[in-house]
Amino acid sequence: MCEKIQKVNSWLGAVFGDQPVPHFEVNARTVDVLYQLARSSEARCRETALLTEDLKQKASEYQSEGAHYRDVLLQGLGLSCASLSKPIDDYLSALVDTAMVLGVRDTSLGSFMPAVNHLTNCVLEEEKSNRRLERQLVALRNRLSATMVLRSSLQEDINKTVKSQSVESAKAEERMLNMDFVTAKAKELSSRRERAEAQLVSRNMDKSITHQAIVQLSEEVAMLKQEIIPLKKKLEPYMDLSPSPSLAKVKIEEAKRELAVISSQLETNMDFK
């Protein structure tokens, strides 16, 4: 813990320099956070220093190489910066700018061609990516259109549901009011029935004429009617008989004559055949 605090204090002193270090609460969490920041800052500073040294070394190399090429041009071809015309100077500047943009080490054709090929491949990949993104965009637009249509349909369904709920709510309120009315009416009728029963009891009314007794009597009458039906069916063959013996004999003679006529007709039909 003490080592971390010393590390943090030294780092904060280096960061703020001559300015006073702001006051902060010293606890385990703040010390750990500042310690990690100090380590990250020092690592970044070391990387920056190494990168700076590398850039300085490359700059010195480029300066040496530029001086060498300048001597070659001056001694071999007799060319100098002052002797170049403005178009040639513009061309050379454009060539240098192009080399810097492409990130090549020199302006030779062997350095330009791979860089140009690499940029061409990058352009082709970007175009392919753009086409893929366009297809995805078209698909997303189609999905968005379908989603908007679905949203509109759902909104219509919601509106219909809200209207239906409002109607059902009004009906439910009406039913509740009717139920309250029926409940109140039932209580009133129950109270009236109790008062009426109390009056009947006070007047010593015969229980045989009560509603319950009448209903029970009606049920007994219905049961007796059901029991009488099979008895009536058994008596139906005897319903045509005459109660007098003389009339019964007359009926028997009439039946004999009818039987004789039927037998004669039957024999006649048999002989005919």
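Below is a summary of the structure that appears in this document. (Residues numbered from 1 in each chain as written. Predicted model: local features only at pLDDT ≥ 70, side-chain atom pairs only at ≥ 80, totals over all residues. Heavy atoms only, no water.)

1. Section: the nonpolar core
Okay, so step 1: V8, W11, L12, L34, Y35 and A38 form the largest nonpolar core, which has 6 residues in total.
Okay, so step 2: Put simply, the parts of the chain that give this core at least two residues each are α1 (2-16) and α2 (28-77).
Okay, so step 3: Grouped together as the second largest cluster of nonpolar side chains are 5 residues, A99, V104, F112 and A115 included. (Core = buried A, V, L, I, M, F, W, Y, C linked by side-chain atoms within 4.5 Å. Buried < 20%, exposed > 50% of the residue type's maximum accessible area, 1.4 Å probe, protein only. Helix = DSSP H or I, 4+ residues; strand = E, 2+ residues; numbered from the N terminus.)

2. A short note on the pattern of salt bridges
Okay, so step 1: As enumerated under the stated definition, the model contains 2 salt bridges in all.
Okay, so step 2: Note that K58 and D54 form a salt bridge whose closest N and O atoms lie 3.5 Å from each other. One end of the pair, K58, and the other, D54, are both in helix α2, 4 residues apart, so they sit about a helical turn from each other.
Okay, so step 3: With a relative accessible area of 38%, K58 lands in the partly exposed category. (Salt bridge = Lys/Arg side-chain N within 4 Å of Asp/Glu carboxyl O.)

3. Some details on a positive patch on the surface
Okay, so step 1: A contiguous patch of positive charge on the surface is contributed by K128, R131, R132 and R135.
Okay, so step 2: Within the fold, K128 resides in helix α4 (residues 109-202).
Okay, so step 3: Residue classification places K128 among the partly exposed residues on the basis of a relative accessible area of 45%. (Patch = residues over 30% accessible without salt bridge, like charges linked within 9 Å, V, L, I, M, F, W, Y side chains within 5 Å. Areas by Shrake-Rupley, 256 points an atom, 1.4 Å probe, with all protein chains shown as cover. Lys, Arg positive; Asp, Glu negative; His and termini not counted. Charge placed at Lys NZ, Arg CZ, Asp CG, Glu CD.)

4. A closer look at α1
Okay, so step 1: The end-to-end C-alpha distance of α1 is 21 Å, a good match for the 21 Å that 15 residues give at a rise of 1.5 Å each.
Okay, so step 2: Those residues of α1 not exposed but buried are V8, W11 and L12. On an axial view of α1, the arc spanned by its buried residues comes to 100°, and they lie on one face. Seen from the buried face of α1, the exposed residues on the opposite side, beyond 90 degrees, are C2, E3, Q6 and A14.
Okay, so step 3: With its phi angle positive at about 65°, G17 sits one or two positions after the end of α1. (Expected span 1.5 Å × (residues − 1). Arc of directions from axis to C-beta.)

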